[in-house]
Amino acid sequence: MNEDSARRYQAVMQSLRLIAWIVFAAVAALGIATADLSAQDRDTPYWASLRFDEVRMRVGPSREYPIDWVYLRKGLPVKVVRLREGWRLVEDHEGTRGWVASSQLDPTRFAMVQGEGPAPMREEPEPDAELRWRVEPGVVGELLRCEPDWCEIDVDGRAGWVARARLWGADEP
């Protein structure tokens, strides 16, 4: 093989490597896009939480609709009751419904303490277990796991068991 043939061969091989990388990147991007689309095809209702400290709820499923409410609480649990092209109709703990962009929601489950007076947070999922803390209504914690009558939540690094009946966002949607 002479020098010109060797250079042409190297140039062709470099081009083929570049094409292979472009095809690989395109296939990877398509896989990611498909995964995002399949996540939007979830059956409703389901639980989610607010991804950011400020989330706008609108009266309809687009930015063209006016803002009806502004949530200022990251992690607030919401029930997703309907899907529409990148938007979610959500319901909060007070029964308020409105549309939120899907990018503003996090699939991580949180629960909010509800009811009258502080809820006991216990060491074990039993009514007589050692008391760890008392959790005020309105406190939000990450939902770790649930048993029939109790759920373990983590509130800023403090984990314990709270009666399921005192938590909004812990039941099956």
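Residues numbered from 1 in each chain as written. Predicted model: local features only at pLDDT ≥ 70, side-chain atom pairs only at ≥ 80, totals over all residues. Heavy atoms only, no water.

Let us look at the nonpolar core. Among the nonpolar cores identified, the biggest contains 15 residues, and Leu 50, Val 90 and Leu 105 are the most heavily contacted of them. If you list the elements that add at least two residues to this core, you get strand 1 (46-50), strand 2 (55-58), strand 4 (77-84) and strand 8 (110-113). Of the residues forming this core, the biggest block, 3 residues, is contributed by strand 1. Counting 12 residues, the second largest nonpolar core, distinct from the first, contains Met 121, Val 135, Leu 143 and Ala 170. (Core = buried A, V, L, I, M, F, W, Y, C linked by side-chain atoms within 4.5 Å. Buried < 20%, exposed > 50% of the residue type's maximum accessible area, 1.4 Å probe, protein only. Helix = DSSP H or I, 4+ residues; strand = E, 2+ residues; numbered from the N terminus.)

Counting across every chain of the model gives 5 salt bridges. A salt bridge links Arg 132 to Glu 123; the shortest N-O distance between them is 2.8 Å. Notably, a salt bridge pairs Glu 172 with Arg 164, separated by 4.0 Å at the nearest N-O pair. (Salt bridge = Lys/Arg side-chain N within 4 Å of Asp/Glu carboxyl O.)

Another aspect to go through is the confidence of the model for the protein. When the pLDDT values of the protein are averaged, the result is 88; 82% of them are 70 or greater. Note on residues 32-40: pLDDT under 50 across the span, and 4 contacts to partners over four residues away in sequence or across chains. (pLDDT = per-residue confidence, 0-100. Contact = heavy atoms within 4.5 Å.)

Examined against the element boundaries, Arg 122 turns out to sit in strand 9 (residues 119-122). In this structure Arg 122 is buried but unpaired, with Asp 128 as the nearest side chain of opposite charge at 6.5 Å. A distance of 2.8 Å separates a polar side-chain atom of Arg 122 from the backbone oxygen of Ala 129. Setting aside chain neighbours within four positions, we find Arg 122 in contact with Pro 127, Ala 129, Glu 130, Leu 131, Arg 132, Trp 150, Gly 160 and Trp 161. (Lys, Arg positive; Asp, Glu negative; His and termini not counted. Polar contact = N/O pair within 3.5 Å; in protein donor to acceptor, adjacent residues only side chain to side chain.)

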